[in-house]
Amino acid sequence: MKYVKQELKGNPDLRWFWCRLEEMEPLLLYDLLALREAIFVVEQTCAYQELDGLDNAAEHLLVTRGGSVVSCLRVLPPAENAGQVRVGRVAVSSDWRKRGLARFMVRSAIDKIRLENPSSDICLDAQTYLQGFYLSLGFEVCGDEFLEDGIPHIPMQM
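Predicted, not measured: the structure shown is a model, and the values here were computed from it.

Undergrad: I keep staring at the packing of aromatic side chains and nothing clicks. Help me out?
TA: Both the distance between ring centres and the angle between the ring planes are used here to describe each pair of aromatic rings. Applying the stated criterion across every chain yields a total of three aromatic pairs. Their ring planes at 75° and their centres at 4.9 Å tell us that Phe133 and Tyr134 sit as a pair that is edge-to-face. Take Phe133 and Tyr134: they sit in the same class, and that class is buried. In this structure an aromatic cluster arises from ring pairing among Phe133, Tyr134 and Phe139. Here the guanidinium or amino end of Arg99 rests over the ring plane of Trp96, the centre of that ring lying 4.2 Å away. For Lys112, the ring lying beneath its charged end belongs to Trp18, and the centroid distance is 5.1 Å.

Undergrad: Quick question: what am I supposed to make of the pattern of salt bridges here?
TA: According to the stated counting rule, one finds 12 salt bridges in the structure shown. For the salt bridge of Arg65 with Asp13, the shortest nitrogen-to-oxygen distance reads 2.5 Å. On the criterion of sequence distance, the pair formed by Arg65 in strand β3 (residues 59-65) and Asp13 in the loop between β1 (2-4) and β2 (15-20) is long-range, its members being 52 residues apart. Judged by relative accessible area, Arg65 falls into the partly exposed class, the value being 42%. Under the relative-accessibility criterion, Asp13 is labelled partly exposed at 35%. A single salt-bridge network, built from bridges that share partners, covers Arg36, Glu50, Asp52, Asp55, Arg74 and Arg89.

Reading the values: rules and limits
- All chains use their own residue numbering, which begins from 1 and follows the written sequence.
- This being a predicted model, a pLDDT of at least 70 is required before a residue's local features are given, and a value of 80 or more before pairs of side-chain atoms are given or counted; all residues contribute to the totals for chains, interfaces and linings.
- Hydrogens and water are ignored here; the side-chain numbers use all heavy atoms of the structure.
- Within 6.5 Å between ring centres, the rings of Phe, Tyr and Trp (the latter by its six-membered ring) count as paired, and their orientation is classed by plane angle as stacked under 30 degrees, edge-to-face over 60, tilted in between.
- Any residue under 20% of the maximum accessible area for its type is buried, any over 50% is exposed, and the rest in between are partly exposed; the area is computed with a 1.4 Å probe on protein chains only.
- When the NZ atom of lysine or the CZ atom of arginine is within 6 Å of a ring's centre and also within 35 degrees of its normal, the charge is said to sit over that ring.
- A pairing counts as a salt bridge when a side-chain nitrogen of Lys or Arg comes within 4 Å of a carboxyl oxygen of Asp or Glu.
- In DSSP terms, a helix is any run of H or I states spanning at least four residues, a strand is any run of E spanning at least two, and both are numbered starting from the N terminus.

Purely geometric stuff here, so don't read any function into it on its own.
So, in structure tokens, the structure goes:
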């Protein structure tokens, strides 16, 4: 795991890590998967296969406090997505929302992607209600709205 020196204003006790699945300690992995399930399956009342087989190929940005994961995202490399780098599974625990954490995480992911894959497009499928958030980060709509597991999404890229 690679610790990243980041500080979100007013939250110096948060720790940021870029890591691959195989680098995670079992309890950290469990915490990551529990957070994603709590948000994407339980909170959004969406019964679907959250473990989709893509986590092994991804790099994960984890933000922890006191050893517990409070937010995460994953980045899939171009080889997994027709030459585009895909950002996904952006999640922030309910206790940490509205503090700028998601914006800070996505910006960190964009910076890392641009450094490592400067010629690749960055894409994601945003839940439609978050379209404005991603537009504010420089993403553009690149297709029509669609339903994924009963939730409206919009494809976006930069």
